[in-house]
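Notes for the structure review
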Amino acid sequence: MAPKLLSLSSLSSLHPPSIPHQLTGPTRTALRFCLSKPGIVICSSVGSRSDEHTLTFDDNLSVSAPEPEGNGAAAPTRGEVFLEHQKSLAASAMVLAAGKKKKNKKGKVSGSTKVSTAVPSCYGCGAPLQTLETDAPGYVDPDTYELKKKHRQLRTVLCGRCRLLSHGQMITAVGGNGGYSGGKQFVSAEELREKLSHLRHEKALIVKLVDILDFNGSFLARVRDLAGANPIILVVTKVDLLPKGTDLNCVGDWVVEATMKKKLNVLSVHLTSSKSLVGIAGVISEIQREKKGRDVYILGSANVGKSAFINALLKMMSYKDPVAAAARKYKPVQSAVPGTTLGPIQIDAFLGGGKLYDTPGVHLHHRQAAVVHSDDLPTLAPQSRLRGRSFPNSQVALDEWTPETTGSDGLNGISIFWGGLVRIDALKVLPETCLTFYGPKALQIHLVPTDKADEFYLRELGNRLTPPTGKERANSWTGLETKRQLQIKFEDAQRPACDVAISGLGWIAVEPIGRYRATRDARLEDTEKELLLDVLVPRPVEIFVRPPMPVGKGGEEWYQYRELTEKEMEVRPEWHF
């Protein structure tokens, strides 16, 4: 039988039980009677005071203050109140934790220079669009800007600078340490590096590009400072410009050996050509396999060919991917000017998610492009397949040369000028020693006696020795201030001893005995196997001495594959072309 509830007004007809004196005072009293067999009386005191009265008549009678949720039978028990309180605390803790996590994440992103889609940028160079400075990157005619903005088409706008670059004009915009002289400088090389600083904090796939014609100068040995712990795919560009007859199997092994010596852990190595599309399909397969929903960033030094590589990538992907085909309509601008790309360019290139980013080139102060005038930059960029020029060469006219100075001592006492940018003095070489130059055809090579080299350089700089081009630039030229003496030791005279690489220009293969100058009775048992050269370049251009790159038809004849241990084979990346 359910207990019957009686209100306080109905108690007049009943005989109330004896109630303690404390409950008969001015305090308002609510009594709840539960009549059953045996009868139980429960009294609850509802006072205006904050203190709670609990009185017990016997084991079955208690008086307590009700909770604010309700009175009488609707009041929850203390256990229920305790449980509700604990649930509230747990819910509050979860809300605070979620808010703190969201705040930290927001602060972390805002503290970096992550690509922002809120600011409209030129799709050709990544510079923010603006309508004030007509000669600055990102400039758009105000009427065009407003029209595109009205129709929400700002992502389809190409700035005025990119239009000029696409027509072959050389317009630099990068200054500072690693920037370029000539023309206006709107952004520093340090600012462009800062735009890449967020990469080390993100989960991304890095595609690192290296120019095979300037392997050491464009390698970015400290790329981990930018990429962090993100996985790296190494892509070697411009292999189509290597000398005719080059065996890419030998070159691929040479690249992997050089990469392992630099202690850069990479997933794989790909030899590619953005012009002939050699090796591009292999890079696409590797990206699709390793992307795993992450964004893909194309990273490399300035003028290494990032924009051309992205265009080749989109071209190959467009055959099967409609998203990549649509992205080709607004692809980055490519030109011979280092620093064409001035900001990250977001490209929707993948059907399965994730973005592709073209990034500003990392500008290195130790390359030749950083010391020559912007108008002379095209002379540093080879446009066709390289062809080695070997010296001494009987078919080449010699400067400042008289019949009295000819002899059978080879290059000893000879200075070789490579344009106005490099000078090599042969201090001690073999009579059969040969130096082969691999670099831009526009740079002429001149041979003069070392005792007349200084006079010849001062007289012909800006005229026959270019760059710098013209007497005006020659007068402001600082000269060949850096001098490095190379002591080259060799064991096998029938193969090149080393390459002397000039950052941003090319390399010189040093052969103790040239293939076309070797005599039948050439013996080196009694000869000290050492060559001595002085190399002079502008400051701060770097000089690298490296193992010889196997190029040309003779490369595969003398190149030797190194025997690998099992441990080396496990960590050694594979190369593809």
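Bear in mind that the values here come from a model prediction, so they are computed numbers and not experimental data.

Next up on the list: the pairing of strand β18 (residues 445-449). Across the five residues that make up β18, a large majority, five, are buried. Here β18 shows two buried faces, one formed by Ile-445, Leu-447 and Pro-449 and the other by His-446 and Val-448. Here five bridges tie strand β15 (residues 414-418) to β18, and the two strands are oriented antiparallel to one another. Residue pairing in the sheet places Ser-415 in a bridge with Val-448 of β18.

A word on the sheet that holds strand β9 (residues 232-237). Spatially, the seven strands line up as an open sheet ordered β12-β13-β11-β8-β9-β10-β24, and their pairing is mixed. Two strands lie at the open edges of the sheet, namely β12 (345-347) and β24 (574-576), each paired on one side alone. Direction aside, the axes of adjacent strands within the sheet are offset by 25 degrees on average. For β9 and strand β10 (residues 268-271), the ladder comprises four bridges, and the chain directions are parallel. Bridged to Val-235 within β10 is His-270.

Attention now goes to helix α10 (residues 453-460). If you check which residues of α10 are buried, you get Ala-453, Phe-456, Tyr-457 and Glu-460. When α10 is viewed along its axis, its buried side chains cluster within an angular range of 100 degrees and face the same direction. Those residues of α10 that are exposed and angled more than 90 degrees off the buried face are Asp-454, Glu-455 and Leu-458. Just downstream of α10, Gly-462 is the residue with a positive phi angle, here 90 degrees.

Here we come to the sheet that holds strand β17 (residues 434-438). Strand order across the open sheet formed by five strands is β14-β17-β21-β20-β23, with antiparallel pairing between neighbours. The open sheet terminates on both sides in strands that have one partner only, identified here as β14 (389-391) and β23 (543-546). Adjacent strand axes in the sheet meet at a mean angle of 20 degrees when their direction is disregarded. When strand β20 (residues 498-502) meets strand β21 (residues 506-511), the two strands line up antiparallel, connected through five bridges. Paired with Asp-499 across the bridge in β21 is Ala-509.

As a further point, take the confidence of the model for the chain. Any region with low pLDDT has predicted coordinates that should not be read closely. Confidence in the prediction for the chain averages 80 pLDDT; 76% of positions are at 70 or higher. Long-range and interchain partners of residues 1-69, a stretch whose pLDDT sits below 50, account for 81 contacts in this model, where long-range means more than four residues apart. Counting interchain partners and residues more than four positions distant, the pLDDT-below-50 stretch residues 106-113 has eight contacts.

Another aspect to go through is helix α8 (residues 306-317). Side chains of residues three or four places apart in an α-helix project in the same direction, reflecting 3.6 residues per turn. The end-to-end C-alpha distance of α8 is 16 Å, a good match for the 16 Å that twelve residues give at a rise of 1.5 Å each. Most of α8 sits out of view: nine of its twelve residues are buried. Turning to α8, its buried residues number three or more, namely Lys-306, Ser-307, Phe-309, Ile-310, Asn-311, Ala-312, Leu-313, Leu-314 and Met-317.

With respect to the element layout, Ala-497 can be found in the loop between β19 (482-489) and β20. Taking C-alpha positions, Ala-497 is 7.5 Å from Pro-547, a pair spaced 50 residues apart along the chain. Apart from the residues lying within four places of it in its own chain, the contact partners of Ala-497 are Ile-488, Phe-490, Val-510, Pro-512 and Pro-548.

The amide bond that connects Thr-466 to the next residue, Pro-467, takes the cis arrangement and shows omega of -10 degrees. Put simply, Pro-467 and Pro-468 share a cis peptide bond, and its omega is 5 degrees. Mapped onto the fold, Pro-468 is located in the loop between α10 and α11 (471-475). Residue Arg-152 is not a glycine yet carries a positive backbone phi of 55 degrees. Within the secondary structure, Arg-152 is located in the loop between α2 (142-150) and α3 (160-166). Looking at Arg-152, the relative accessible area reads 80%, which means it is exposed. One non-glycine residue with positive phi stands out, namely Lys-263, at about 55 degrees. For Lys-263, the location among the structural elements is in the loop between α6 (248-261) and β10.

A few words on the packing of helix α7 (residues 280-290) against α8. Between α7 and α8, whose axes approach to 10 Å, the crossing angle comes to 80 degrees. In this view, α7 runs roughly perpendicular relative to α8, as classed from their interaxial angle. Where α7 approaches α8, its residues Ile-280, Ala-281, Val-283, Ile-284, Ile-287 and Gln-288 are matched on the opposing element by Phe-309, Ala-312, Leu-313, Met-316 and Met-317.

Enumeration over the complete set of coordinates arrives at 20 salt bridges. Note that Arg-473 and Asp-376 form a salt bridge whose closest N and O atoms lie 3.4 Å from each other. On the criterion of sequence distance, the pair formed by Arg-473 in helix α11 and Asp-376 in the loop between β13 (356-358) and β14 is long-range, its members being 97 residues apart. Assessed through its relative accessible area of 3%, Asp-376 is described here as buried. Among the ionic pairs, Glu-530 bridges to Lys-428, the shortest N-O distance being 3.6 Å. Highlighted residues: Glu-530 in strand β22 (residues 530-537) and Lys-428 in strand β16 (residues 422-428), separated in sequence by 102 residues.

Our focus in this paragraph is the side chain of Asp-214. Tracing the backbone shows Asp-214 in the loop between β8 (204-211) and α5 (224-227). In this view, Asp-214 contacts Arg-367, Ile-502, Ser-503, Gly-504 and Leu-505; residues no more than four positions away in its chain are not counted.

For the structure shown, the criterion picks out twelve aromatic pairs. When the centroid spacing of 5.6 Å and the interplanar angle of 15 degrees are considered together, the rings of Phe-417 and Tyr-457 count as stacked. On the criterion of sequence distance, the pair formed by Phe-417 in strand β15 and Tyr-457 in helix α10 is long-range, its members being 40 residues apart. Under the relative-accessibility criterion, Tyr-457 is labelled buried at 10%. Geometrically, the ring pair formed by Tyr-438 and Trp-507 is stacked, given 4.9 Å between the ring centres and 20 degrees between the ring planes. With Tyr-438 in strand β17 and Trp-507 in strand β21, the pair connects residues that are 69 residues apart, well separated along the chain. Neither Tyr-438 nor Trp-507 differs from the other in exposure class; each is buried. Ring pairs connect the aromatic residues Phe-215, Phe-219 and Trp-254, which therefore count as one cluster. Residue placement shows Lys-208 over the ring face of Phe-219; its charged tip is 3.7 Å from the ring centre.

Rules used throughout
- Residues numbered from 1 in each chain as written.
- Predicted model: local features only at pLDDT ≥ 70, side-chain atom pairs only at ≥ 80, totals over all residues.
- Heavy atoms only, no water.
- Buried < 20%, exposed > 50% of the residue type's maximum accessible area, 1.4 Å probe, protein only.
- Helix = DSSP H or I, 4+ residues; strand = E, 2+ residues; numbered from the N terminus.
- Pairing = 2+ DSSP bridges.
- Axes fitted to C-alpha atoms, helices over the stretch in contact; angles between N-to-C directions.
- Arc of directions from axis to C-beta.
- pLDDT = per-residue confidence, 0-100.
- Contact = heavy atoms within 4.5 Å.
- Expected span 1.5 Å × (residues − 1).
- Parallel < 35°, antiparallel > 145°, perpendicular 65-115°, else oblique.
- Salt bridge = Lys/Arg side-chain N within 4 Å of Asp/Glu carboxyl O.
- Phe/Tyr/Trp six-rings, centres within 6.5 Å; stacked < 30°, edge-to-face > 60°.
- Lys NZ or Arg CZ within 6 Å of the ring centre and 35° of its normal.

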